[in-house]
Amino acid sequence: MYSDILVPTDGSASMEQVLEHTIDIADGRDVTVHALYVVDDRAFLSMDDEMQDEVLENLRTEGEEATSVVRDTLEQEGIEVSTAIQRGKPADRIVSYVADADIDLITMGTQADKYEKNMLGSTAQKVVTKSSVPVLTVDISESD
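This section reports on the structure supplied with the text. What you see is a predicted model; the values in this text were computed from it and never measured.

1. Some points on helix H3 (residues 90-100)
- Restricting attention to buried positions, one finds in H3 the residues Pro90, Ala91, Ile94, Tyr97 and Val98. For H3, the angular spread of the buried residues around the axis is 125°, confining them to a single face. Residues of H3 that are exposed and point more than 90 degrees away from the buried face comprise Ala99 and Asp100.
- Taken together, the buried residues of H3 touch strand S1 (4-8), strand S2 (32-39), strand S3 (80-87), strand S4 (105-110) and helix H5 (123-130).

Okay, structure coming up:
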């Protein structure tokens, strides 16, 4: 049923909970898990070019570390992993990646307490609303 699973990551420690669910779904199946980190460039578009380049490089490094953690964790469980770093609005890039990589399922974290207070700003809410595939959301609000 699921041959390609997308795990968007922000590199936080709470991703461990999301990965536990992902491993449970992928265990014993012929599955590729795609770890995606999105550099949200909206926050620094008003900076000068030199400062933008520095911030972008720092975020790219953060993305490499975040996707490496996902890759290492899943490969220890014998799960095939593909990693990617993209730039843009997180929810839009996640939904685009689903179509581009023929993803069957998304597993991602959500901070339920913040979600209820700020539904319009929730990346998970936007992904759930826009996704053409099932989305498993894992409450990570108690973790951080």
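2. A word on the sheet that holds S2
- If you trace the five strands from one edge of the open sheet to the other, you get S3-S2-S1-S4-S5, paired in parallel fashion. The two strands at the open ends of the sheet, each matched to only one other strand, are S3 and strand S5 (135-139). In this sheet, neighbouring strand axes are inclined to one another by 20° on average, regardless of whether the strands run parallel or antiparallel.
- By the bridge criterion, eight bridges tie S2 to S3 in an arrangement that is parallel. Pairing of Thr32 across the sheet is with Glu80, part of S3.
- Across the sheet, H5 lies against S4 and S5, angled at about 155° from S4, the strand it touches most.

3. Notes on a negative patch on the surface
- A contiguous patch of negative charge on the surface is contributed by Asp10, Glu57, Glu62, Glu64 and Glu65.
- Secondary-structure assignment places Glu65 in helix H2 (residues 49-76).

4. A few points about the pairing of S1
- The element S1 is extensively covered by neighbouring structure, given that five of its five residues are classed as buried.
- Residues of S1 alternate between two faces, with Asp4, Leu6 and Pro8 on one and Ile5 and Val7 on the opposite face, all of them buried.
- Pairing of S1 with S2, which is carried by five bridges, proceeds in the parallel orientation. When the bridges of S2 are listed, Pro8 appears paired with Leu36.
- Running through helix H1 (residues 15-26), the crossover from S1 to the neighbouring parallel element S2 is right-handed.
- Bridge analysis of S1 against S4 gives two bridges, and the strand direction is parallel. Bridge pairing links Leu6 to Ile106 in S4.

5. What about the packing of H3 against H5?
- Two numbers describe how H3 lies on H5: the axes approach to 9 Å, and their chain directions differ by 35°. The crossing of H3 and H5 is right-handed. Only Thr123, Lys126, Val127 and Lys130 of H5 make contact with H3, whose side of the interface consists of Pro90, Ala91, Asp92, Ile94 and Val95.
- Residues belonging to the contact of H3 with H5 are distributed by class as follows: five nonpolar, one polar and three charged.

Scoring rules and cut-offs
- Residues numbered from 1 in each chain as written.
- Predicted model: local features only at pLDDT ≥ 70, side-chain atom pairs only at ≥ 80, totals over all residues.
- Heavy atoms only, no water.
- Buried < 20%, exposed > 50% of the residue type's maximum accessible area, 1.4 Å probe, protein only.
- Helix = DSSP H or I, 4+ residues; strand = E, 2+ residues; numbered from the N terminus.
- Arc of directions from axis to C-beta.
- Contact = heavy atoms within 4.5 Å.
- Pairing = 2+ DSSP bridges.
- Axes fitted to C-alpha atoms, helices over the stretch in contact; angles between N-to-C directions.
- Patch = residues over 30% accessible without salt bridge, like charges linked within 9 Å, V, L, I, M, F, W, Y side chains within 5 Å.
- Areas by Shrake-Rupley, 256 points an atom, 1.4 Å probe, with all protein chains shown as cover.
- Salt bridge = Lys/Arg side-chain N within 4 Å of Asp/Glu carboxyl O.
- Lys, Arg positive; Asp, Glu negative; His and termini not counted.
- Charge placed at Lys NZ, Arg CZ, Asp CG, Glu CD.
- Right-handed = clockwise from strand over helix to strand, strands pointing away.
- Left-handed = near helix turned anticlockwise from the far one by under 90°.
- Nonpolar A, V, L, I, M, F, W, Y, C, P; charged D, E, K, R; others polar.

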